[in-house]
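Residue-level structure breakdown
Spelled out from the first residue to the last, the chains are:
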Amino acid sequence: MDRPTKIAFGGGCHWCTEAVFQSLKGVYNVEQGFIASTENNSSFSEAVILQFDSDIISLQVLIEIHLRTHKSTSAHSMRDKYRSAIYYFSEDQKAETETLLNAFQLEYRNQLITKAYPFSEFKASREAIQSYYQKNPKKPFCERFINPKLRLLLKDFSNYIDTDFIPKTLQSTSE
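All of these numbers come straight from a predicted model, not from anything done at the bench.

Rules used throughout
Residues numbered from 1 in each chain as written. Predicted model: local features only at pLDDT ≥ 70, side-chain atom pairs only at ≥ 80, totals over all residues. Heavy atoms only, no water. Helix = DSSP H or I, 4+ residues; strand = E, 2+ residues; numbered from the N terminus. Rg over C-alpha atoms; globule rule 2.2 N^0.38 Å. Axes fitted to C-alpha atoms, helices over the stretch in contact; angles between N-to-C directions. Parallel < 35°, antiparallel > 145°, perpendicular 65-115°, else oblique. Left-handed = near helix turned anticlockwise from the far one by under 90°. Contact = heavy atoms within 4.5 Å. Nonpolar A, V, L, I, M, F, W, Y, C, P; charged D, E, K, R; others polar. Buried < 20%, exposed > 50% of the residue type's maximum accessible area, 1.4 Å probe, protein only. Pairing = 2+ DSSP bridges. Right-handed = clockwise from strand over helix to strand, strands pointing away. Phe/Tyr/Trp six-rings, centres within 6.5 Å; stacked < 30°, edge-to-face > 60°. Lys NZ or Arg CZ within 6 Å of the ring centre and 35° of its normal. Patch = residues over 30% accessible without salt bridge, like charges linked within 9 Å, V, L, I, M, F, W, Y side chains within 5 Å. Areas by Shrake-Rupley, 256 points an atom, 1.4 Å probe, with all protein chains shown as cover. Salt bridge = Lys/Arg side-chain N within 4 Å of Asp/Glu carboxyl O. Lys, Arg positive; Asp, Glu negative; His and termini not counted. Charge placed at Lys NZ, Arg CZ, Asp CG, Glu CD.

A look at the overall build of the protein
Within the protein, the secondary structure is distributed over six helices and six strands. Going from the N terminus to the C terminus, the protein shows its helices and strands as β-α-β-β-α-β-α-β-β-α-α-α. A compact globule built from 175 residues should have a C-alpha radius of gyration of about 16 Å, and the protein, at 15 Å, falls within 12% of that. With respect to the three principal axes, the spread of C-alpha positions in the protein is 45 × 40 × 30 Å.

In structure tokens form, the structure reads like this:
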């Protein structure tokens, strides 16, 4: 494998976003925390940075999964804390991300609010809450908010799922 590609996503709770991307083949590292962009988006919001192998999972698939696993068309009141974003690390990545977002818009009745922003700064979450789902799969939060996202992945993106990550009980209920 060549050097993994890096991209960052924000949208909902970083525990959910982290678990979604940790469950995918070709994603090698997921850092949970808070990301800031620039100018009007320089405040920190919950997000993850991930490293992935584009020969195994494409940026297109990652963006589609991101859009489908958070409220990507909802400008709700918590958007300062949960900015719907894809943070890019290069101009080429910006162009590809914007092209993909425009293409995915055709699949949505409502306007996507997810935007591409330049990555500026990252603050990691405290160690105690990193890999939250892996440490706490039976917690009510995980069962209520993360498991439905993982079921969606099992149903619609099964070729990309690392089944070692998702509990067997969840896999058997999604068939």
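Focus: the packing of helix H2 (residues 59–68) against helix H3 (residues 91–105)
It is the contact of H2 with H3, at a shortest axis distance of 10 Å, that shows an interaxial angle of 55°. Classified by the angle their axes make, H2 and H3 are oblique. Crossing handedness for the pair H2 and H3: right-handed. The residues of H3 that touch H2, namely those facing Leu59, Gln60, Ile63, Glu64 and Leu67, are Gln93, Glu96, Thr97, Leu100, Leu101 and Phe104. The residue makeup of the contact of H2 with H3, split by class, is six nonpolar, three polar and two charged.

Examining unusual backbone geometry
Non-glycine residue Glu39 carries a positive phi angle of around 50°. Here Glu39 lies in the loop between strand E2 (27–36) and strand E3 (45–52). In this structure Glu39 comes out as exposed when scored by relative accessible area, which is 72%. A positive phi angle is found at Ser131, which is not glycine, with a value near 50°.

Structural notes on the pairing of strand E4 (residues 85–88)
Burial along E4 is two-sided: Ala85 and Tyr87 and Ile86 and Tyr88, pointing in opposite directions, are all buried. Here three bridges tie strand E1 (residues 5–10) to E4, and the two strands are oriented antiparallel to one another. Following the sheet pairing, Phe9 is matched in E4 by Ile86. In terms of strand pairing, E4 meets strand E5 (residues 115–118) through four bridges, oriented parallel. Pairing of Tyr87 across the sheet is with Tyr117, part of E5. Crossover connection from E4 via H3 to parallel E5: handedness right-handed.

A closer look at the packing of aromatic side chains
One pass over the structure, following the stated rule, counts eight aromatic pairs. Aromatic side chains Tyr87 and Tyr117 sit 6.2 Å apart centroid to centroid with 40° between the ring planes, which places their arrangement in the tilted category. A residue pair is termed long-range when its members are at least 10 positions apart, and Tyr87 in strand E4 and Tyr117 in strand E5 qualify at 30 residues. Classification of Tyr117 as buried rests on a relative accessible area of 16%. These aromatic residues form a ring-pair network of at least three members: Trp15, Tyr132, Phe141 and Phe145. Cation over ring: Lys123 sits above Phe44, and NZ or CZ is 4.2 Å from the ring centre.

So, a negative patch on the surface
Together, Glu91, Asp92, Glu96 and Glu98 give the surface a local cluster of negative charge. Topologically, Asp92 is positioned in helix H3. Judged by relative accessible area, which is 66%, Asp92 ranks as exposed.

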